[in-house]
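# Residue-level structural notes
In case you want the letters, here they are:
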Amino acid sequence: MRTPTIRERSCHTRPVATTQFRSCTLCEATCGIAVTLEGERVIEIRGDADDPFSRGYICPKGAALADLHADPDRLQRPLMRDGASWRELGWDEALDLVGERLGALRAEHGRDAIAVYQGNPTVHNLGLLTYGQLLLRSLGTKNTYSSTSLDQLPHMLAALLMFGNQLLMPVPDIDRADLFICLGANPLASNGSIMTAPDVKARLAAIRARGGRVVVIDPRRTETADRADQHLFLRPGTDAVLLLAMIDTLFTEQLVRGRVPLTGLDALRTAAAAWKPERAAAITGIAAAEIRGLARALATTPRAVLYGRIGVCTQEFGGLAAWLCYTINALSGHLDEPGGLMFTTPAIDPVPLAGLLGLDGGFARWTSRVSGKPEFGGELPVSVLAEEIETPGPGQIRALLTSAGNPVLSAPGGPRLEQAFRKLDFMVSIDPYLNETTRLAHVILPPTSALARSHYDVALNAFAVRNVAKYSPPLFERTAEQRHDWEICAGLLTRLGLPRPLRGIGRWLGAKLGPEVILDAALRIGPHRLSLKQLRRRPHGIDLGALEPRLPKRLATSDRTVHVAAPPYLADLPRLERRFARSPAETGELVLVGRRHLRSNNSWMHNSQRLVKGPPRCTVLVHPTDASARGLVDGGKAKVSTPRGAIELVVEVTDEMMPGVVSVPHGWGHGRAGVRLSVASTVPGESVNDILDPAVIDELSGTSALFGQRVEVTAV
Ligand SMILES: Nc1nc2c(c(=O)[nH]1)N[C@H]1C(S)=C(S)[C@@H](COP(=O)(O)OP(=O)(O)OC[C@H]3O[C@@H](n4cnc5c(=O)[nH]c(N)nc54)[C@H](O)[C@@H]3O)O[C@H]1N2
Ligand SMILES: Nc1nc2c(c(=O)[nH]1)N[C@H]1C(S)=C(S)[C@@H](COP(=O)(O)OP(=O)(O)OC[C@H]3O[C@@H](n4cnc5c(=O)[nH]c(N)nc54)[C@H](O)[C@@H]3O)O[C@H]1N2
Ligand code: SF4
Ligand SMILES: [Mo]
């Protein structure tokens, strides 16, 4: 389908160039892009100055959408493993084969024998959020895994336990805040997360321009910290202690205020009283006066917010820390207030829709078969995936479907996962690349590229700092040999979810009912009563206004109050007490944290030359004191090791690291046999998840502790 051309320019020697407008689907910022095409060729991608939300901003990844589209390594047809090589299949043959193999294993071993792993790009993909979820539901397996447990699960758990629904995650009202405390996030590299806010750099600069303050608390002096008024080093994994001490200050100095009804204040006060700022200072590395000052500033600045993100979640006390982030905003009067942490009013409200799909959540209703880890929202933590495949017995995983995920690089214990995947009776991957994970599959089903499919940000608009809506039509009609993600999922759904006599009707319906039908219906019943037709008329998107107070109506708790002392959190506090019974002595040991780079995107965008060019990115950052103690030199090589293995990286000696902490990015290490990524596989780097221990998790939520694990670094 070709949408009406907005601007046209003609030229004597070249075909007519057209410019079309859509959203970038690569990260949570959802920037508007203007794509100039000559026929099917993408000539240029720029920021769309008329997008009311992103106002012309894009980052280098946005322009690289053109590279992804034209990448000769992007698979165009289904592949079937044939010994050591791959054979192309037709779509019907491939989908029939997958349907038959999965169906047979399910019939023989039961529903839980089929596991599913859904990766991060799912959230940027309308087809996977609609038909992908329907497929998952129809499989009805307890062995559901996703990048959630490598990421935001603690925020979702806090939303469930405090506000009554796991999707009710409030977002910082960055455009109206006069104090922005940023804990464990680096939006200048990540472009913001659970805070959809294109051009965070300008939004943070605007806070300072209106006389406000930006404070960054992070074990590394990050790009965001460089543009802040203040940066404080914090020892990894100690956020919960910092926040409890700040909360204790709010109580002892009678700074608790706010109009939102809160339940559990007494229990919270008692819990926080054990964490006086002096005690917290010895643990966190932040002075007691500074901790009190932060609490006072938060409570006395009328428009202020404390925003915590992945550094808060993916650590040993991620559950507690994420709870306390929301809680401290509630106590200091900044929940549901302009400039504070607010709830959105998206044109498609996922909260009731998730309820309709049976996705409204739940926690620890059952536990994993082998090591008894809690379920969350119907899924299990990735940390148990390998053992669930390798441990015999009823309910053992025999087959795996991965969709838009690369757990071999993205999950701690990658080598163990690889070993486990090789033991599966059957594995299928819905993925455009032959990469570290999909090379282990029996069949790969490749979808069309992002530019060739339609898009609407169902998920990310629900976490945006303004209420916005935008529909992106596909730029190209797919060829007869290609399939969209939604079509692949619909194809499998028909084969696995319907009895044989109904499959013909299912196929017919699937072909008629694309995601647009679902989208239009969801828009019409949504709070702004929009329609797809209205969105098609506004190709730059629609601004639906600033966030508005929504409580208590928006709460889904039975008593319509915010629960600030939910029992699972109180029950986890003794673990924190045990861990920090003695404050950590200066042992000279090192712990590891991750980092993101503007030109990289988790494990999968390293095949674009324009993004990977320049100095090596997969390096280990070490503080000068730690470097000299180990004879490490800037530009030299070091072995970074744990009991699980070692990787070799180039060293960067820098005082941007907190002493005792080193930083290594994730998602690298593509030079492996069988990978078909001709650019990425030549880029130096290794996978940090090869050495991280999957057993180190936040015991409360099951989330992997990606940050704060002990490592040794030695000169090579
Ligand atoms: N050590 C460490 N590990 C981490 C992190 C960290 O900070 N440190 N971060 C964690 C986080 S936050 C996340 S979200 C995870 C990400 O982990 P994953 O989601 O498992 O991995 P990605 O690297 O995002 O891989 C995305 C995959 O989707 C494919 N893909 C891309 N676009 C599409 C599409 O449109 N359709 C389909 N079907 N496939 C597509 C790509 O080819 C790739 O194989 O990594 C986690 N791992
Ligand atoms: N360019 C780019 N953008 C991305 C991605 C990408 O890979 N590249 N990934 C996307 C994804 S999947 C996600 S989830 C988001 C994540 O977005 P962000 O949450 O902004 O993630 P990071 O940039 O990794 O920043 C996390 C920060 O936490 C710090 N940290 C580590 N351990 C601790 C700790 O114990 N406590 C505290 N307080 N801080 C700690 C790290 O030093 C780091 O600066 O980014 C998204 N955007
Ligand atoms: S910031 Fe994110 S959404 Fe915007 S252009 Fe870059 S990758 Fe795309
Ligand atoms: Mo993520």
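Sequence positions are assigned chain by chain, starting from 1 and proceeding in written order. Following the order in which they are written, the chains are lettered starting with A and the ligands numbered starting with 1. Since the coordinates come from a predicted model, pLDDT governs what is reported: local features require at least 70, and pairs of side-chain atoms require 80 or more to be given and counted, while whole-chain, interface and lining totals use all residues. Note that the side-chain values use all heavy atoms of the structure and ignore hydrogens as well as water.

### Structural notes on the overall build of the chain
Under the DSSP-based scheme used, a helix requires at least four consecutive residues in state H or I and a strand at least two consecutive residues in state E, with every element numbered from the N terminus. Scanning the chain for helices and strands turns up 25 helices and 31 strands. Only C-alpha atoms enter the radius of gyration; for comparison, a globular chain is expected to reach 2.2 Å times N to the power 0.38, where N is the number of residues. The globule rule puts the C-alpha radius of gyration for 716 residues at 27 Å, and the 25 Å found for the chain is close to it. C-alpha extents for the chain along the principal axes are approximately 65 × 55 × 55 Å. Only protein chains enter the accessibility calculation, which uses a 1.4 Å probe; a residue is then buried when its area is under 20% of its type maximum, exposed when over 50%, and partly exposed in between. Looking at the chain as a whole, 62% of its 716 residues are labelled buried.

### Thoughts on empty space enclosed by the protein
Grid points spaced at 1 Å over the protein atoms alone were grouped into cavities, where a 1.4 Å probe fits but cannot get out, and pockets, open sets with protein on both sides within 12 Å along at least five of seven lines, with lining residues defined by an atom within 4 Å of a point. Grid points are joined across faces, edges and corners, and a volume is the space filled by probe spheres set on the points. Considering all chains together, one arrives at eight cavities of 30 Å³ or more under this definition. Approximately 100 Å³ is the volume attributed to the largest cavity. As for the largest cavity, its lining consists of 13 residues, and the residues nearest its centre are D51, F53, V468, A469 and K470. Classes in brief: Ala, Val, Leu, Ile, Met, Phe, Trp, Tyr, Cys and Pro nonpolar; Asp, Glu, Lys and Arg charged; the others, Gly included, polar. Classifying every residue of the lining of the largest cavity gives five nonpolar, five polar and three charged. Domain delimitation follows an automatic or database domain assignment. Per-domain counts for the lining of the largest cavity show at least three residues from each of domain 1 (16-70) and domain 2 (79-147 + 348-545).

### Considering the packing of aromatic side chains
Put simply, two rings from Phe, Tyr or Trp (the six-membered ring, in Trp's case) pair if the centres are within 6.5 Å, and we call them stacked under 30 degrees between planes, edge-to-face over 60, tilted for the rest. A full pass over the atoms with the stated rule returns seven aromatic pairs. Centroid distance F317 to F580: 6.0 Å. Interplanar angle 45°. Geometry classified as tilted. Of this pair, F317 sits in the loop between helix 13 (310-313) and helix 14 (318-331) while F580 sits in the loop between helix 23 (567-579) and strand 26 (590-593), and the two are 263 residues apart along the sequence. Taking relative accessible area as the criterion, F580 reaches 4% and is therefore assigned buried. Within the aromatic cluster, the residues linked to one another by ring pairs are F163, Y326 and F343. Think of it as a cone above the ring: NZ of Lys or CZ of Arg counts as a charge over the ring if it is within 6 Å of the ring centre and within 35 degrees of the ring normal. Above the plane of the ring of W366 lies K142, whose end atom (NZ or CZ) is 5.1 Å from the centre. The ring of W275 has R279 lying over it, and the distance from NZ or CZ to the ring centre is 3.8 Å.

### Let's talk about the pattern of salt bridges
For side chains of opposite charge, pairing can occur when their charged atoms come near one another. Salt bridges are identified by distance alone: a Lys or Arg side-chain nitrogen within 4 Å of an Asp or Glu carboxyl oxygen. Summed over the entire model, instances satisfying the criterion amount to 43 salt bridges. Put simply, E44 and R46 hold a salt bridge, and the shortest N to O gap is 3.2 Å. The residue E487 makes a salt bridge to R478 at a minimum N-O spacing of 2.8 Å. In this structure R478 comes out as partly exposed when scored by relative accessible area, which is 26%.

### Regarding unusual backbone geometry
Cis peptide bonds are those with omega within 30 degrees of zero, and the linkage from L551 to P552 qualifies with 0°. Along the polypeptide, P552 turns up in the loop between strand 24 (542-546) and strand 25 (562-563). Its identity as a non-glycine residue notwithstanding, N602 has a phi of 40°, on the positive side. The residue N602 is located in the loop between strand 26 and helix 24 (609-612) in this model. Residue classification places N602 among the buried positions, given a relative accessible area of 19%.

### Overview of the site of ligand 1
In this text, near means that some heavy atom of the residue lies within 4 Å of the molecule or strand in question. By nearness alone, 32 residues border ligand 1, and Y117, N120, S410, D431 and S603 come closest of all. The contact in question runs from a nitrogen atom of ligand 1 to an N or O atom on the backbone of I430, over 3.0 Å. Counting of polar contacts relies on pairs of N or O atoms within 3.5 Å, with two restrictions inside protein: one atom must be capable of donating a hydrogen and the other of accepting it, and residues adjacent in sequence are counted only when both atoms are side-chain atoms. For ligand 1, a nitrogen atom lies 3.1 Å from a polar atom in the side chain of N689. Under the convention used here, a 1.4 Å probe and the Shrake-Rupley method define accessible areas, while residue burial counts only the protein chains that appear. Compared with its free state, where it exposes 920 Å², ligand 1 has 97% of that area covered by protein. For the shell around ligand 1, the residue count by class is 15 nonpolar, 12 polar and five charged. Here the shell around ligand 1 spans two domains, and each of domain 2 (79-147 + 348-545) and domain 4 (585-715) adds at least three residues to it.

### Concerning the site of ligand 2
Surveying the vicinity of ligand 2 reveals 32 residues, the closest of which are S190, D218, D239, S600 and N602. In the model, a nitrogen atom of ligand 2 is placed 3.1 Å from a nitrogen or oxygen of the K61 side chain. Here an oxygen atom of ligand 2 and a backbone polar atom of N186 are 2.9 Å apart. Within the residue set of the shell around ligand 2, elements represented by two or more residues are helix 6 (187-190) and helix 13.

### Considering the packing of helix 9 (residues 239-252) against helix 10 (residues 265-273)
Running from amino to carboxyl end, helix 9 crosses helix 10 at an angle of 120°, the nearest separation of the two axes being 8 Å. For helix 9 against helix 10, the interelement crossing comes out left-handed. Residues L244, I247, D248 and F251 of helix 9 form the contact with helix 10, whose participating residues are L265, L268, R269, A272 and A273. For the contact of helix 9 with helix 10, the class distribution of residues is seven nonpolar, no polar and two charged. Lines are fitted to the C-alpha atoms to define the axes, a helix being fitted only along its stretch in contact, and any angle between axes, read from their N-to-C directions, falls within 0 to 180 degrees. Should the near helix be turned counterclockwise from the far one by less than a right angle, the crossing is left-handed, whereas a clockwise turn marks it as right-handed. In what follows, residue pairs with any heavy atoms lying within 4.5 Å of each other are defined as contacts.

### Considerations on the domain arrangement of the chain
By the assigned domains, the chain splits into domain 1 (16-70), domain 2 (79-147 + 348-545), domain 3 (171-342 + 561-570) and domain 4 (585-715). Both sides of the domain 1 and domain 4 interface together cover about 830 Å² of buried area, and 66% of this is carbon and sulfur. Among the residues of domain 1 in contact with domain 4, P60, K61 and D67 are the three that bury the most area, contributing 54% of the side total. Between D67 and R610 there is a salt bridge, and its shortest N-O distance comes to 2.7 Å. Taken together, the links from domain 1 to domain 4 amount to four residue pairs in polar contact (both at pLDDT 80 or more). Considering only residue class, the side of domain 1 that touches domain 4 consists of seven nonpolar, no polar and two charged. Defined in terms of a 1.4 Å probe, buried area is the accessible area two parts forfeit on being brought together, summed over both.

### Quick look at the side chain of T494
In this structure, T494 sits in helix 19 (residues 485-497). A relative accessible area of 6% means that T494 is categorised as buried. Only 2.7 Å separates the side chain of T494 from the backbone oxygen of A490, close enough to count as a polar contact.

### A few points about helix 3 (residues 91-109)
To estimate the expected span of a helix, subtract one from its residue number and multiply by 1.5 Å. Counted at 1.5 Å a residue, the expected span for helix 3 with its 19 residues is 27 Å, and the 27 Å between its end C-alpha atoms agrees. Buried residues of helix 3: W91, A94, L95, V98, G99, L102, L105 and R106, and no others. Buried residues of helix 3 fall within an arc of 140° about the axis and therefore sit on the same side. Facing away from the buried side of helix 3, by more than 90 degrees, are the exposed residues E100, A107 and E108. Looking at the residues trailing helix 3, positive phi occurs at G110, about 95°. As used here, the arc is the angular range of directions from the helix axis to the C-beta atoms.

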